[in-house]
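# Examination of the molecular architecture
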Amino acid sequence: MRFPTRNIRRFSISSCLLAVLLLAVSTAMATERFPPPDFTDHKVPATIVPAAPGEWFQYLDLAVLVLALAAASYLAIARRSRRGLFVLAIASLAWLGFWRGGCICPVGLIQNVTLALFEPAYALPWTAAAIFVLPILFTLFFGRTFCAAVCPLGAAQELVALRPVRVPVWLDHTLGLLAYVYLGAGVTFAATGTAFVICRYDPFVGFFRMGASANMLVLGACFLVGGIFVGRPYCRYLCPYGAILGIVSRWSKWQVKIPPERCVQCRLCEDACPYGAIREPTAALLPVDRSRGRRRLAALLLLCPVLIAAGFWLGRQLEAPLAMLHPTVRLADRISLEQNGRVEGTVDASDAFRNTGRSAEDLYREASTISSRFRWAGGWFGAWVGLVIGAKLIHLSIRRRRTDYQPDRVACVSCGRCFWYCPGEQARQGWIQNIEPVMKGS
Amino acid sequence: MNDNNEKQKLGRRAFLTDALRVAGALGIAGGAAALAARKGQSGQLVWQIDPAKCIACGNCATHCVLDESAVKLVHSFTMCGYCDLCTGYFRPSPIALNSAAENQLCPTGAIKRTFVEDPYFEYTLDKQLCIGCGKCVKGCNAFGNGSLYLQVQHDRCKHCNECAIAVACPSQAYHRVPADDPYLLKVRGPQG
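Reference entry: report on the structure contained in this document.

Cut-offs used in this document
- Residues numbered from 1 in each chain as written.
- Chains lettered and ligands numbered in written order.
- Predicted model: local features only at pLDDT ≥ 70, side-chain atom pairs only at ≥ 80, totals over all residues.
- Heavy atoms only, no water.
- Helix = DSSP H or I, 4+ residues; strand = E, 2+ residues; numbered from the N terminus.
- Expected span 1.5 Å × (residues − 1).
- Buried < 20%, exposed > 50% of the residue type's maximum accessible area, 1.4 Å probe, protein only.
- Contact = heavy atoms within 4.5 Å.
- Phe/Tyr/Trp six-rings, centres within 6.5 Å; stacked < 30°, edge-to-face > 60°.
- Lys NZ or Arg CZ within 6 Å of the ring centre and 35° of its normal.
- Buried area = accessible area lost by both parts, 1.4 Å probe.
- Salt bridge = Lys/Arg side-chain N within 4 Å of Asp/Glu carboxyl O.
- Nonpolar A, V, L, I, M, F, W, Y, C, P; charged D, E, K, R; others polar.
- Axes fitted to C-alpha atoms, helices over the stretch in contact; angles between N-to-C directions.
- Parallel < 35°, antiparallel > 145°, perpendicular 65-115°, else oblique.
- Left-handed = near helix turned anticlockwise from the far one by under 90°.
- Arc of directions from axis to C-beta.
- 1 Å grid on protein atoms, 1.4 Å probe; cavity = no way out; pocket = protein on both sides within 12 Å on 5 of 7 lines; lining within 4 Å.
- Points joined across faces, edges and corners; volume = space filled by probe spheres on them.
- Core = buried A, V, L, I, M, F, W, Y, C linked by side-chain atoms within 4.5 Å.

## Some thoughts on helix α3 (residues 82–99) of chain A
Residues and elements named next belong to chain A. Between its terminal C-alpha atoms α3 stretches 24 Å, which fits the 26 Å expected from 18 residues at 1.5 Å a residue. For α3, the full list of buried residues reads R82, G84, L85, L88, A89, S92, L93, L96 and G97. Buried residues along α3 sit in contact with α2 (56–78), α6 (145–149), α7 (152–160) and α10 (205–209). The positive-phi residue at the C-terminal boundary of α3 is G101, with phi of around 70°.

Spelled out as structure tokens, the structure:
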């Protein structure tokens, strides 16, 4: 980060010094090889640059976000309107996606918040903080309504989920871990000031802006085509903000409910959900199974710290390869290779470094500081991955009693597709009179 | 009686979870607010090139997410020497010092050369044609006053959270700066 005021001060100090030097030595500056002419009747034009975007745009973005979140929560929880959510998703895709270029995005802001936590010189814009926090607060009360119809990435995938197949449960759970790992990676790289990987590998932003590298456009197209058959692949298996919202949603006050009154166990909602988020009722267990389950849970609780420790140790081994992703470390490596004569020629980066006149030792010192930061960052990242795996195993071995078909609090994105499939909802809407025959038939 | 007790218990439990939830919400919001307010200024940030670090490598033209880069040439007229043989305008060893295409360095012919008075020529930019390749910047820095330089144009910049050019920049010349002072412009030094 740069500090404009300090820079100006430095500039004025150095210009004073320069003036003194010029007076003393009276040699011309190297850059001004040809003194600008003094014209008699020609006016030297002024340098004109286009204005920066107005401050009001941020307030508009924030207002749109709050309105969309409120509308999505109302439509999902109070109104129970799939049609409304669908229209809102299209509107969000048009406004936040295509019109605003996909860049008021809480998904990427995870990294800005992390950088602000770890890098004291980075100033987090308060609108960014608000945009990051608002969906979390809404999720704490209404579940993942942000994912349902506000997030343009989610909306793009929501629209293409036409022929969803059911992902096998074991695969769904395993791939679901990726989102937490990706969150850990995004935080690690942001905290060490390496890169904002979540933004760099955002698959859909290229479509929103009508321009990106060919690789990213192909990746985005793969996600969209894959999304026809596997509902919301990015949201379910990669989105790091979805991972955060999923955790928050577990404790939300309200949540999308399928049957308005009671469940007739028709399983239509399970078929309707393209995201595999409906959980079936649990069967009663035999006492022998119960004690076996209890023993397994105890073993897994003991395994979890082992996994964390192993992850920490493994992560620390990754110091060197992880550090090489940092531009400064990479530059230091290149300079040392060039100085030791182990590579021929120079590259733009090493030329640029030599132009600055900085000593190589100074660069090496900075690189080794960054490198040592990665020893800890890699360790914590590994520990996080261990914790994620351990927590998943524990979570899978805890049995919860369910008597009805219910949306999973973590996985449900509140899209509302299940509403119309539920006979109870149809009765509430007055489309059918009596749901008792359905019960008998099932 | 028992039923009543049960209801009371439920009510107390709901109240406690609600209280926890509100406390959590306040905690998250307060934490973010503290993080944002930690520095005095925390307005919007925009990308900026430090012309002193820029080596005009040409990545600005090719790495921007926009087809036509958001980076374009800026000309500091007060620094310009108004040279007849402008090394930012002419290719090395041009055939003749005129505006014929084979003599020009600019691949899109975005720089206009107009006669002012003997021996001075003024070089102005047709911004619509500039692709931000920096060929002229390199030429001007090498043999001229360095009055041509590249800068992010904020009417075009999409303000990506991770600027693709900043990632590709070999001299780490890209910085995020507060939006109220978005341009770092070259001005004539004190020697003039």
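Once the structure has been displayed, the description carries forward.
## Details of the packing of aromatic side chains
Aromatic ring pairs: the centre-centre distance and the angle between the two ring planes describe each pair. Scanning the model with the defined rule gives 19 aromatic pairs over all chains in all. Cluster of aromatic residues (ring-pair linked, three or more members): A:F39, B:Y82 and B:Y120. Above the face of the A:W254 ring, A:K253 is positioned so that its terminal group lies 5.2 Å from the ring centre. In this arrangement the basic side chain of B:R113 is found over the ring face of B:F121, its NZ or CZ atom lying 3.7 Å from the centre.

## Brief notes about the interface of chain A and chain B
One frequent convention defines the size of an interface as the accessible area lost when the parts assemble. Taken together, the contacts link 69 residues of chain A with 68 residues of chain B. Roughly 5,600 Å² is buried in total at the junction of chain A and chain B, and carbon and sulfur atoms are behind 62% of that figure. Here chain A and chain B share three salt bridges between them. A salt bridge links A:K253 to B:D18, with the shortest nitrogen-to-oxygen separation between them at 2.9 Å. When contributions to the side of chain A that touches chain B are tallied by element, the ones reaching two or more residues are α1 (4–25), α4 (106–118), α5 (126–142), α9 (197–200), α17 (327–339) and α18 (348–356) of chain A. Among the residues making up the side of chain A that touches chain B, the classes are represented as 46 nonpolar, 13 polar and ten charged.

## Observations concerning the packing of helix α15 (residues 287–317) of chain A against helix α19 (residues 360–397) of chain A
Residues and elements named next belong to chain A. α19 packs onto α15 with a crossing angle of 160° between their chain directions and a minimal axis gap of 6 Å. With respect to α19, the element α15 is oriented roughly antiparallel. Note that α15 runs across α19; the crossing there is right-handed. Grouping the amino acids of the contact of α15 with α19 by side-chain chemistry returns 16 nonpolar, eight polar and three charged.

## Overview of the pattern of salt bridges
Residue and element names in this part refer to chain A. All told, the structure shown has 24 salt bridges over all chains when counted by the stated rule. Measuring nitrogen to oxygen at the nearest pair gives 2.8 Å for the salt bridge that ties R358 to E366. Residue R358 is classed as partly exposed on the basis of its relative accessible area, which comes to 33%. Salt bridges sharing common partners tie together R82, E158, R232 and R417.

## Observations concerning α18(A)
Residue and element names in this part refer to chain A. Taken as a whole, α18 has its buried residues at S350, A352 and F353. Summarising the axial view, the buried residues of α18 lie within an arc of 160°, below the 170-degree limit, and thus occupy one face. Buried positions along α18 lie against α17 and α19. Positive phi shows up at G357, right after α18, with a value of about 75°.

## A short note on unusual backbone geometry
Working note: non-glycine residues mostly have negative phi, and peptide bonds are mostly trans. Residue and element names in this part refer to chain B. Omega for the bond connecting D118 with P119 falls within 30 degrees of zero, at 0°, which places this linkage in the cis form. Examined against the element boundaries, P119 turns out to sit in the loop between β3 (111–117) and β4 (120–125). Located in the positive-phi region is S93, a residue other than glycine, with phi close to 40°. Along the chain, S93 falls in the loop between β2 (71–75) and β3. Overall, S93 belongs to the exposed group, its relative accessible area being 71%.

## Details of empty space enclosed by the protein
All names here are of chain B. Per the stated rule, a full pass over the model turns up nine cavities of 30 Å³ or more. Looking at the largest cavity, its volume works out to about 130 Å³. What lines the largest cavity is a set of 15 residues, and nearest its centre among them are C64, A70, C157, C163 and I165. In terms of residue class, the lining of the largest cavity is built from 13 nonpolar, one polar and one charged.

## What about the nonpolar core?
For soluble globular proteins, the rule of thumb is that nonpolar side chains tend to be buried together. Within the largest apolar cluster, 96 residues are counted, with the highest numbers of intra-cluster contacts made by A:L124, A:F132, A:F146, A:V150, A:Y234 and A:Y241. Among the elements that make up this core, the one with the highest residue count is α5(A) (eleven residues). Aside from chain neighbours lying at most four places away, what touches A:F132 is A:P106, A:L109, A:I110, A:V113 and A:Y241. Counting 33 residues, the second largest nonpolar core, distinct from the first, contains B:I49, B:F90, B:I165 and B:C169.

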